[in-house]
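Descriptive analysis of the structure
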Amino acid sequence: MFPFCTDPDTLDTVRWFACYLTTGKHMSFYLSFGTVLLLLAITAPTALAFGFAGAAAARSRILPLSLFGKGYIAVVRGVPDIAFFLFFVIALDQIFEWTRHQILCPDWDQPVRQGNDFIVCQAAKLPLNTAPQWVHETYGFFLAVLTFAIVFGAFAANVLFGAMRAVPRAQIETAEAYGMTHRQAFWRVLVPQMWIYALPGLSNLWMVLIKATPLLFLLGVEDIVYWARELGGAKTSAFTYPHPDWRLWYFLALLVFYLAFTRVSEIALERLTVRLSRGQATAQGEALRRGGA
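Residue positions are given per chain, counted from 1 along the sequence in the order it is written. Totals for whole chains, interfaces and linings use all residues, but because this is a predicted model, local features are given only for residues with pLDDT of at least 70 and pairs of side-chain atoms are given and counted only at 80 or more. Heavy atoms throughout the structure, all of them, feed into the side-chain values; hydrogens and water do not.

Only DSSP runs of H or I with at least four residues qualify as helices, and only runs of E with at least two residues qualify as strands; both kinds are numbered from the N terminus onward. Across its full length, the protein chain carries ten helices and two strands. When the helices and strands of the protein chain are listed from N to C terminus, the series reads α-α-α-α-β-β-α-α-α-α-α-α. The C-alpha atoms of the protein chain give 25 Å as radius of gyration, which overshoots the globular expectation for 293 residues (19 Å, by more than 25%). Once the C-alpha set of the protein chain is aligned to its principal axes, its extents read approximately 80 × 70 × 30 Å. Every residue pair with non-hydrogen atoms within 4.5 Å of one another is taken to be in contact. A fraction of 66% describes how many contacts in the protein chain between residues 6 or more apart in sequence connect residues 24 or more apart. For accessible areas, the Shrake-Rupley method is used with a probe of radius 1.4 Å. Any residue's cover is judged against the shown protein chains and nothing else. For the protein chain, the computed accessible surface area is about 17,200 Å², with 64% contributed by carbon and sulfur atoms. Charge counting treats Lys and Arg as positive and Asp and Glu as negative, with His and both chain ends excluded. To locate a charge, take NZ of a lysine, CZ of an arginine, CG of an aspartate or CD of a glutamate. Taking the 23 positively charged and 19 negatively charged side chains of the protein chain as two groups, their mean positions are separated by 15 Å. The globule rule used for comparison is 2.2 Å times the number of residues to the exponent 0.38, while the radius of gyration itself is calculated over C-alpha atoms.

Here it is in structure tokens:
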């Protein structure tokens, strides 16, 4: 904060805003944009890995594995996202604590589930009550990432499963006729070609993931929506920098941020589509081939 901010009553408009926008809470607000970007950077590849595993399982010739993959896709896609977000945070937290409880407190003689209460020994708590604040925040962020990955991984699995089926079967049969095993044909022929068919669906899923980041607020993470509501609310003379209800302007800033971010994403995805289309037997791939000729 600037040194002339010690007496807000003597500041002109420009200096008042300079002081107001550099408070500690505003710095947390600016850092929360990094939290959203970090969530996307971690969740996107993790959800894609969940999706690939789910799609491969659904396509498996082993019946239990196939049923598991198809069940994972059907169950998660059939339940509202917000219900899963609120459920998984509680369920995952209790699973982790129960596991630690079984390992760290084998002599515990009371039931863990007591009515509506879930009670484990103090050593099994996650995080520990004595842990610093950053540990609590990191743990909450980890649960949020895992929840996002499980939910969006199911949608990615459905997209990838469809993309795998879109690759012409004749190419797989040709690879196997040349002596490739089923696994070799999967990794060398099917997987490299399926991405061009999956990219439109994955692109839409990426946009939905961006728009879903405000759900971090529901998971207890202090994200940009939390700080926009906190800072934009009316501040009375009890605060150092009082102001009326400015939530409209804070959320307008979030609108600009999300629109700009999605536009950058669209440009990047268009370029990726062009790159993946080269040499593929698709309309765009054929157009690129003719253009190169």
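A few words now on the state of the cysteines. Disulfide assignment relies on a single distance test, namely cysteine sulfur atoms paired within 2.5 Å. Scanning the model with the defined rule gives one disulfide in all. Residue pairing for C105: its cysteine sulfur links by disulfide to C121, the two sulfurs lying 1.8 Å apart. Taking the torsion about the S-S bond as the criterion, the C105 to C121 disulfide, at about 80 degrees, is right-handed. Of this pair, C105 sits in the loop between helix 4 (81-104) and strand 1 (113-114) while C121 sits in the loop between strand 2 (117-118) and helix 5 (133-166), and the two are 16 residues apart along the sequence. Each residue's exposure class comes from its accessible area (1.4 Å probe, protein chains only) as a fraction of the maximum for that residue type: buried when under 20%, exposed when over 50%, partly exposed otherwise. On the accessibility criterion, C105 (14% relative accessible area) is buried. By relative accessible area, which is 6% here, C121 ends up buried.

Moving on, we get to the nonpolar core. Nonpolar cores are built from buried Ala, Val, Leu, Ile, Met, Phe, Trp, Tyr and Cys residues. Side-chain atoms within 4.5 Å join them into one set. In this structure, F29, F148, F152, M194 and I224 are the most contacted members of the largest nonpolar core, which totals 72 residues. Leave out the neighbours within four places in its chain, and M194 touches F52, L160, A163, M164 and V167. Judged by nonpolar contacts, the second largest core, of six residues, contains C105, V120, C121 and A124.

This brings us to the environment of F96. Turning to its location among the elements, F96 is positioned in helix 4. On the basis of relative accessibility, which here comes to 24%, the residue F96 falls in the partly exposed class. Those residues in contact with F96 that lie beyond four places of it in its chain are L126, Y139, F142, L143 and L146.

On to the packing of aromatic side chains, then. Any pair of aromatic rings gets described here by the distance separating the centres and the angle formed by the planes. The pairing test for Phe, Tyr and Trp rings, Trp by its six-membered ring, is centres within 6.5 Å, and the orientation test on the planes gives stacked under 30 degrees, edge-to-face over 60, and tilted for anything in between. Applying the stated criterion to the full structure yields 21 aromatic pairs. Ring plane angle 80 degrees and centroid distance 5.9 Å describe the contact between W16 and Y241, whose orientation is recorded as edge-to-face. Of the two residues, W16 sits in helix 1 (residues 13-20) while Y241 sits in the loop between helix 8 (224-232) and helix 9 (247-277), which places them 225 residues apart along the sequence. A residue is classified by how much of its surface remains accessible, and Y241, at 7% relative accessible area, is buried. Between F96 and F142, the ring centres sit 6.2 Å apart and the planes meet at 35 degrees, which makes this aromatic pair tilted. With F96 in helix 4 and F142 in helix 5, this pair connects stretches of sequence that are 46 residues apart. Overall, the relative accessible area of 43% leaves F142 in the partly exposed class. Among the aromatic side chains, those forming a connected cluster through ring pairs are F29, Y30, F33, W206, Y250, F257, Y258 and F261. In this scheme, the term charge over a ring applies when either NZ of a lysine or CZ of an arginine sits within 6 Å of the ring centre and within 35 degrees of the ring normal. The residue whose ring lies beneath K235 is F239, and the NZ or CZ to ring-centre distance is 5.6 Å.

Once that is clear, we can look at the confidence of the model for the protein chain. Across the chain, each position has a pLDDT score giving the predictor's confidence in that residue, from 0 to 100. For the protein chain, the mean per-residue pLDDT works out to 84, and 93% of the residues sit at or above 70. Model confidence for the protein chain, summarised as mean pLDDT per element, is weakest for helix 10 (residues 283-292) at 51 and strongest for helix 2 (residues 24-58) at 92.

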